[in-house]
Amino acid sequence: MNKGFYHKLAANNIKKNKRVYIPYILAGIFTTMMYYMLNSISLNEGLDHMSGGASLKIILNLGCWVIGIFAVIFLFYTNRFLMKQRQKEIGLLNILGMNKGHIGKMLFCETLQIALIIIVGGLVGGLLLNRLMFLLLLKLLNFSVTLKSAIYGKALLSTICLFAAIFLVILASNLHQIHLTNPIDLLKGGQRGEREPKTKWLLALVGVICLGIGYTISIVTKSPLDAMMLFFVAVLLVIIGTYALFTAGSVAILKLLRKNPGYYYQTKHFISVSGMIYRMKQNAVGLANICILSTAVLVMISGTVSLYVGQEDALKTRYPREVQVTGYDINEEKKQIVNSIVEETLKDRQMEAVNQFAVSMGSMVAYKDGSDFEITELQDFNSSQLKEICLIPLEEYNRLEHKEETLNPGEILMYSKNDSSDAQITIECDTFQVKKHLDHLFDTERPEDQELIEVYYMILPDADAVKRQMQKQDFKEANLNGLMYKYGFDLKGDENEIRDFESDLKSRFEQNTDGDLAVFVEGRLSGREDFYSVYGGLFFIGIFLGLVFLMATVLIIYYKQISEGYDDKERFAIMQKVGMSKKEIRSSIRSQVLTVFFLPLVMAVIHIAFAFPIVTRLMAIMNLTNVGLFAACTLGVILVFGVLYGIVYGVTARTYYKIVE
């Protein structure tokens, strides 16, 4: 046999099996195209010269890693299905005279042709659409920045190497599988079904327990920091629980339905229930994969959409006032210098400050054990015990609250969102009597929902008492002479005037070295570009990964329907021969397909409902505290995804019916 024979045979095999190969090739091209475009954008030199570009590069590189890992898993998964569908064909070729060496050469040619089509097609598509993706990114960033579309050799080489390596390993896996299998097994491989699985009650119980623990973590976790630490634990438990319930729980439910004579002994239910029980072990993994991918799409897109839509809300949460001046180790003399610099800048710029807020306070981190606080350096910690203490002099409290409270030495006023039970507290060795638990506190410029750890606000008799407590942080500020000073205000003027004022104020503090001031100036307008680059980048990645995961979901559903169709074809032909009408067969098929098809979607929506509380806490870390907006975006994404899912059902079900009939 000449070399051209194997290439012709491979091309002919791909053409004959186009029903399974075309979706595989299109999905591969799409994944390659997405990987190249994301890689190319992350290498764009324009990102180095824009505000927030470093953060955006990190996000884009992370997206590249996710798509790369996904490509490996996804292409291996679909290749396994393709090989299963062709087992009978390969076995027949072996019996007709082609030895395993010849079959290996044929598989090599097939893999080479498919790899070339996917890699070349993906790169061509990526090069053509690359500029469009740049324009989309510019639109999402929402501000003018020069990003030139260019062809980067590093992105091309990275894409070629990744996907060439994937197909090389796939070829090695296929050859190894053919080498270990005899022709008779290959001939029967496409006809083998699953034996009726046993009811694994223990595995079903494990699934229920894992889901229960994962859901409980989501519901009871209140601190955003705890949410950040426990989120992936909850995700892992839900994934394990999903696989366990689909594998064992579905069989248990179907067998319970079989024991119900009123339900089971109906034509459409009898056929569908018995058929699903017989192959549920095989179906369960595919259904669980669909469920998990659907959940990932819903969480990813709803989260990034809500962050992008709620950018202005998040910006105001992060910057409650247009200008925020924060000074560290500020005594009364330095405070006057800070105020005078701000006033001089306002006067020179002929601008007016409104909605002003200023407070002197101390802040430190401590473990809380009962009513005892132990100062820590914030290294290894148990977040449930870690608390932040904000110490405020009484004169500041009375000024801001317009009150005339008095405190004796050793007495404090205390405010905490969740804890108002302590009659006395101890900070290291000093014990304080809690004179009063406050039910509210002045504007601290930090929304409670955004606090990573629980904060205790303590009002002490005077500034000296606050400084004495701050001195306990001997690892950093043993010679502390002042407190943290926060001074925030809004400005009357247009955006250009406010931006110029911020820049002028920053430069004046930088130039003032006589007072040895450690002062930082932040502004809402100057922070907007950083916000938009990060949130726009997250939304951009959300679109990319959402489309990739959605494509994988659709392809898994499509292949599952094809596999089901070929497995059911002979069974329904026999049923028709023994007296079932086409109408009854079609009704039975519809019942089975609907039950199996929409079960993952229902389960994914349940996962989203229970995940909502912990994801809300994670959104707070990203400064989005508008729960209503997040809920509306989540519901909208679920509805859109449900419509797309229904369309996929219509297309794949029609393919299933054609095969069966």
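Just so it is clear, the structure is predicted and the values come from calculations on it, not from any experiment.

**Student:** Please provide a residue-by-residue account of the overall build of the protein, values included.
**Tutor:** Helix and strand counts for the protein stand at 19 helices and 10 strands. Counting all 661 residues of the protein, 51% fall into the buried class. For the protein, the share of sequence-separated contacts (at least 6 apart) that also reach a separation of at least 24 residues comes to 83%. Surface exposure of the protein reaches about 31,700 Å², of which carbon and sulfur atoms provide 60%.

**Student:** Got a sec to walk through helix H13 (residues 332-349)? Specific residues and values, please.
**Tutor:** Here H13 contains 18 residues, and its C-alpha end-to-end distance of 26 Å stays within 8% of the 26 Å for a straight helix at 1.5 Å per residue. Residues of H13 that are buried in the fold lie against strand E1 (323-330), strand E2 (352-369), helix H14 (394-401), strand E9 (483-492), helix H16 (495-511) and strand E10 (518-523).

**Student:** Before we move on, could you go through the side chain of threonine 221 and cite the residues and values that matter?
**Tutor:** As for its placement among the helices and strands, threonine 221 is situated in the loop between helix H8 (201-220) and helix H9 (224-258). By relative accessible area, threonine 221 is classed as buried at 4%. Excluding its chain neighbours within four sequence positions, the residues that come into contact with threonine 221 are Asp226, Ala227, Leu230 and Arg617.

**Student:** Outline the packing of H13 against H16, listing residues and values.
**Tutor:** Interhelical geometry of H13 versus H16 gives an angle of 140° and a closest axis separation of 10 Å. By the criterion of interaxial angle, the relationship of H13 to H16 is oblique. In this structure, H13 meets H16 at a crossing whose hand is right-handed. Across from Val338, Ile341, Val342, Glu344, Thr345, Leu346, Asp348 and Arg349 in H13, the residues of H16 making contact are Asp500, Phe501, Asp504, Leu505, Arg508 and Phe509. In the contact of H13 with H16, the residues fall into 7 nonpolar, 1 polar and 6 charged.

**Student:** Tell me what's going on with the pairing of strand E3 (residues 372-375), and back it up with residues and numbers.
**Tutor:** By the alternation rule, side chains of E3 split into Phe373 and Ile375, which are all buried, and Asp372 and Glu374, of which none is buried. Relative to E3, E2 is paired through 4 bridges, and the arrangement is antiparallel. Within the sheet, the bridge partner assigned to alanine 366 lies in E3 and is isoleucine 375. Taking the residues that link successive antiparallel strands as the turn, the E2-E3 hairpin has 2 residues, and the phi of glycine 370 there is positive, at about 70°.

Rules behind the numbers
- Residues numbered from 1 in each chain as written.
- Predicted model: local features only at pLDDT ≥ 70, side-chain atom pairs only at ≥ 80, totals over all residues.
- Heavy atoms only, no water.
- Helix = DSSP H or I, 4+ residues; strand = E, 2+ residues; numbered from the N terminus.
- Buried < 20%, exposed > 50% of the residue type's maximum accessible area, 1.4 Å probe, protein only.
- Contact = heavy atoms within 4.5 Å.
- Areas by Shrake-Rupley, 256 points an atom, 1.4 Å probe, with all protein chains shown as cover.
- Expected span 1.5 Å × (residues − 1).
- Axes fitted to C-alpha atoms, helices over the stretch in contact; angles between N-to-C directions.
- Parallel < 35°, antiparallel > 145°, perpendicular 65-115°, else oblique.
- Left-handed = near helix turned anticlockwise from the far one by under 90°.
- Nonpolar A, V, L, I, M, F, W, Y, C, P; charged D, E, K, R; others polar.
- Pairing = 2+ DSSP bridges.

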